[in-house]
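Residues per chain are reported as follows:
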Amino acid sequence: RRVRRLHPVGGAGDKIFPPTFPGEGRNNPPPRHVFEERRIGGETVACVLIDSVQSQANRLEEALDAAITRGEIALPRIVVDFAGTPVADVGTVSTLTAPHRVFDAILRDARLDGTLFRQSALGQALVKASVRDATALFRHAPTALVFGAWNSTGEGGGLGAKFARTVVSEIIGVDAIAGARTGSRVDPLGIRAGVKILKDEGQDWQLADDAKGASKKAKLLKPSEINHGNIAPSVTDGLGVTVDYALHTWVLSFAGLRRLQFGSATPSASSKARTVLALVALLATLEQDASGYALRSRCDLVPDADAPEPPRGAFELVGADGTRTTVSLDRITVRALLTEAAAAAAASGLAWEAVPVRLTPDDRLVKLVEKSRELALTDVVAGDEEKLVPLGLACAFL
């Protein structure tokens, strides 16, 4: 594990912005941060969520993916390549970037050598994988065993295999006090709210005085509704926080790794495979360290060099009896250890597939993206927004 303090890059007292979540209930309640009380140092302390376990998992994968792109490391991946399609600008989506990792619908709706991926030999091997035999995932998508995966889109109504995450990483703000956010805008054109705009669904706007050919469904709008005009100064309470410090907790569960079995592999080979997975997890957090903690706008954190315990950057190896041993690791060392461990696992019969498996998107998936983009570029009246949610989410995944 590693537990260390972070603080805002602006220093003590600098306001940071945790993630906001939509309010619950009717009448469009305002967005909010997630506050909760935790027990720290024997006291009940007000805390705020700065980066969730799920968000941290995505950032760790992102850090690994960036290192792969730079040619610094190599990990098995399955990649959907949109090159040569009408939506080629999507680029590639891999098991490191797809929301549901190896079991994501993007991979499900792609083809391997012309065959729908789930119907291919590799696709079937992945679908049949379980904690009793995770060999296929280890060979082709080992990060799914580190960060967790669930075959929720598979057969049986989402009763597919589940692989619990073996790494849990989270950042909270300790002793948190909610702040406020201000907003305003002065329009350089001086457009006034009294000017009326007429707009048809799917059509460009017109001045109401000059409108011609508008349908009965055309709406009378204010300039602000087409993003013109001033925005009056406003204050929104409860947004942004100041904290005593941020606490980043990272835990790799060896007990969780030991639950993973690899079919008929020998105990020695299985142990070597788990060592590889542990090193992937360690490397991910060290790559994230190197990338920095610019989590979102106005939420940039750096390690606290003056923090008391444990030493900055050090990991603690926690024994079964609770004893703790401090271990210092750097990413260059861990990269070398990972290469060595992968070679040892391969020599024992559990080899990685070093060359990424490349899939092509099914025509239906390409058309789904195209249609989603068409709708995104068309202004939709408020009453129709709910109808766009599924397609909007599909586009967001890509």
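Just so you know, these numbers come straight off a predicted model, no measurement behind them.

K.L.:
Teacher, can you tell me more about the overall build of the protein chain here?
P.N.:
If you tally the helices and strands in the protein chain, you get eleven helices and 21 strands. In the protein chain, buried positions account for 40% of the 398 residues. Within the protein chain, counting contacts between residues at least 6 apart in sequence, those at least 24 apart form 72% of the total.

K.L.:
For this particular structure, what's the right way to read the pattern of salt bridges?
P.N.:
Oppositely charged side chains can form a pair if their charged atoms are brought close together. Evaluated as defined, the whole model comprises 20 salt bridges. Among the salt bridges present, the one from R335 reaches E287, with a minimum N-O distance of 2.9 Å. Within this pair, whereas R335 is found in helix 9 (residues 331-347), its partner E287 is found in helix 8 (residues 267-291), the two being separated by 48 residues in sequence. Taken individually, R335 and E287 each receive the classification buried, so the pair is uniform in this respect. The partner of R324 in a salt bridge is E316, and the shortest N-O contact between them spans 3.7 Å. Linked by salt bridges that have partners in common, R70, E72, E287, R331 and R335 make up one network.

K.L.:
Just to check I follow, could you spell out the pairing of strand 3 (residues 43-51) for this structure?
P.N.:
Taken residue by residue, a regular strand's side chains alternate between the two faces of the sheet. Sheet topology places strand 2 (residues 35-40) next to strand 3; six bridges connect them, and they run antiparallel. Its bridge partner lying in strand 3, R39 is registered against T44. The turn joining strand 2 and strand 3, which pair antiparallel and follow one another in sequence, is formed by two residues; a positive phi near 60° is taken by G41. Strand direction decides the pairing type here: strand 3 and strand 10 (residues 167-174), joined by four bridges, are antiparallel. When the bridges of strand 10 are listed, L49 appears paired with I172.

K.L.:
Just checking my understanding: could you explain the packing of aromatic side chains for this structure?
P.N.:
Any two aromatic rings considered together are summarised by their centre-to-centre distance and by the angle between their planes. Applying the stated criterion across every chain, the model contains three aromatic pairs. Both rings, one in F138 and one in W352, keep their centres 6.1 Å apart while their planes meet at 50°; by these two values the pair is tilted. You can see F138 sitting in helix 4 (residues 135-140) and its partner W352 sitting in the loop between helix 9 and strand 21 (357-361), a full 214 residues away along the chain. Between W250 and F315, the ring centres sit 5.3 Å apart and the planes meet at 75°, which makes this aromatic pair edge-to-face. A residue pair is termed long-range when its members are at least 10 positions apart, and W250 in strand 16 (residues 245-252) and F315 in strand 19 (residues 315-318) qualify at 65 residues. By the ring-pair criterion, three or more aromatic residues cluster together here, those being F138, F262 and W352. If you follow R5 out to its NZ or CZ, it ends over the ring of Y245, 3.9 Å from the centre. Directly above the aromatic system of W150 lies the positively charged group of K162, at a separation of 4.5 Å from the ring centroid.

K.L.:
Can you help me understand the sheet that holds strand 6 (residues 110-112) in this one?
P.N.:
With respect to topology, five strands assemble into an open sheet ordered 5-4-21-6-7, the strand pairing being mixed. A single partner strand is all that each edge strand has here, and the edge strands are strand 5 (92-94) and strand 7 (115-116). As paired strands, strand 6 and strand 21 are joined by two bridges and run antiparallel to one another. The partner of A110 across the bridge, within strand 21, is P361.

K.L.:
Any chance you could explain the packing of helix 8 against helix 9 here in plain terms?
P.N.:
Any two packed helices are characterised by the angle at which their axes cross and by the distance between the axes. Contact pair helix 8 / helix 9: the axes reach a minimum separation of 9 Å and the direction vectors enclose 160°. The angle between helix 8 and helix 9 places the two elements in the roughly antiparallel class. Considering how the two elements wind past one another, helix 8 and helix 9 form a crossing that is left-handed. For the pair helix 8 and helix 9, the contacting residues are K272, A273, T275, V276, L279, V280, L282, L283, L286, E287 and A290 in the first and R331, V334, R335, L337, L338, A341, A342, A344 and A345 in the second. Each residue belonging to the contact of helix 8 with helix 9 can be placed in one class, and the counts come to 15 nonpolar, one polar and four charged.

K.L.:
Looking at this model, I keep getting lost on the confidence of the model for the protein chain. Mind explaining?
P.N.:
Averaged over the protein chain, the pLDDT score is 88; the fraction of residues at 70 or greater is 89%. Taken as a whole, residues 381-398 scores under 50 in pLDDT and shows 18 contacts with residues more than four places along the chain or in a different chain.

K.L.:
Help me out: how do you make sense of unusual backbone geometry in this one?
P.N.:
Trans is the prevailing form of peptide bonds, just as negative phi is the prevailing case for residues other than glycine. Phi is positive for D113, close to 50°, though the residue is something other than glycine. Counting through the fold element by element, D113 comes out in the loop between strand 6 and strand 7. Note on D113: relative accessible area 77%, which makes it exposed. Even without being glycine, D175 reaches a positive phi, approximately 60°. Inspection of the secondary structure puts D175 in the loop between strand 10 and strand 11 (177-185).

K.L.:
Just to check I follow, could you spell out the pairing of strand 19 for this structure?
P.N.:
When strand 19 meets strand 20 (residues 324-327), the two strands line up antiparallel, connected through four bridges. Looking at the pairing, F315 lines up with V327 of strand 20. Once strand 19 ends, the chain turns through five residues before running back antiparallel as strand 20, passing G322 with a positive phi of about 90°.

K.L.:
I'm lost on the layout of surface pockets in this one. Help?
P.N.:
Gaps left between atoms are located by rolling a probe of water-molecule size over the structure's atoms. Estimated volume of the largest pocket: approximately 610 Å³. Contributing to the lining of the largest pocket are 25 residues, with L252, F254, A278, L282 and L317 lying nearest its centre. Counting residues per element, the ones that place at least two in the lining of the largest pocket are strand 16, helix 7 (254-258), helix 8, strand 19 and helix 9. At six residues, helix 8 tops the list of elements feeding residues into the lining of the largest pocket. Across the lining of the largest pocket, the residue classes tally to 17 nonpolar, three polar and five charged.

Rules used throughout
Every chain is numbered independently, its residues counted from 1 as its sequence is written. Residue-level local features of this predicted model are given only where pLDDT is at least 70; pairs of side-chain atoms are given and counted only at 80 or more, and the full residue set underlies all totals for whole chains, interfaces and linings. To get the side-chain values, all heavy atoms of the structure are used, and hydrogens and water are removed first. Each helix is a run of H or I in the DSSP string that is no shorter than four residues. Each strand is a run of E no shorter than two, and both are numbered from the N terminus. Exposed residues in this analysis have more than 50% of their type's maximum accessible area, buried residues have under 20%, and partly exposed residues fall in between, with area computed by a 1.4 Å probe over protein chains only. Contacts are residue-level and defined by heavy atoms, with any inter-residue pair within 4.5 Å sufficient. For salt bridges, the criterion is a side-chain nitrogen of Lys or Arg within 4 Å of an Asp or Glu carboxyl oxygen. Paired strands, in this sense, are two strands between which DSSP finds at least two bridges. Geometry of aromatic contacts follows a simple scheme: Phe, Tyr and Trp rings, the Trp one being its six-membered ring, pair when their centres are within 6.5 Å, and the pair is stacked under 30 degrees between planes, edge-to-face over 60, tilted otherwise. In our convention, an over-ring charge means Lys NZ or Arg CZ found within 6 Å of a ring centre and within 35 degrees of that ring's normal. The axes are straight lines fitted to the C-alpha atoms, using for helices just the contacting stretch, and the angles between their N-to-C directions are given from 0 to 180°. In these notes the angle categories are as follows: under 35 degrees is roughly parallel, over 145 is roughly antiparallel, 65 to 115 is roughly perpendicular, and the rest is oblique. Left-handed describes a crossing in which the near helix is turned anticlockwise from the far one by less than a right angle; the clockwise case is right-handed. Amino acids outside the nonpolar list (Ala, Val, Leu, Ile, Met, Phe, Trp, Tyr, Cys, Pro) and the charged list (Asp, Glu, Lys, Arg) are all regarded as polar, and Gly is one of them. pLDDT expresses how confident the predictor is about each individual residue, on a scale running from 0 to 100. Definitions used for this entry: grid spacing 1 Å over protein atoms alone; cavity, a set of points where a 1.4 Å probe fits but cannot get out; pocket, an open set with protein on both sides within 12 Å along at least 5 of 7 lines; lining residue, one with an atom within 4 Å of a point. Grid points are joined across faces, edges and corners, and a volume is the space filled by probe spheres set on the points.

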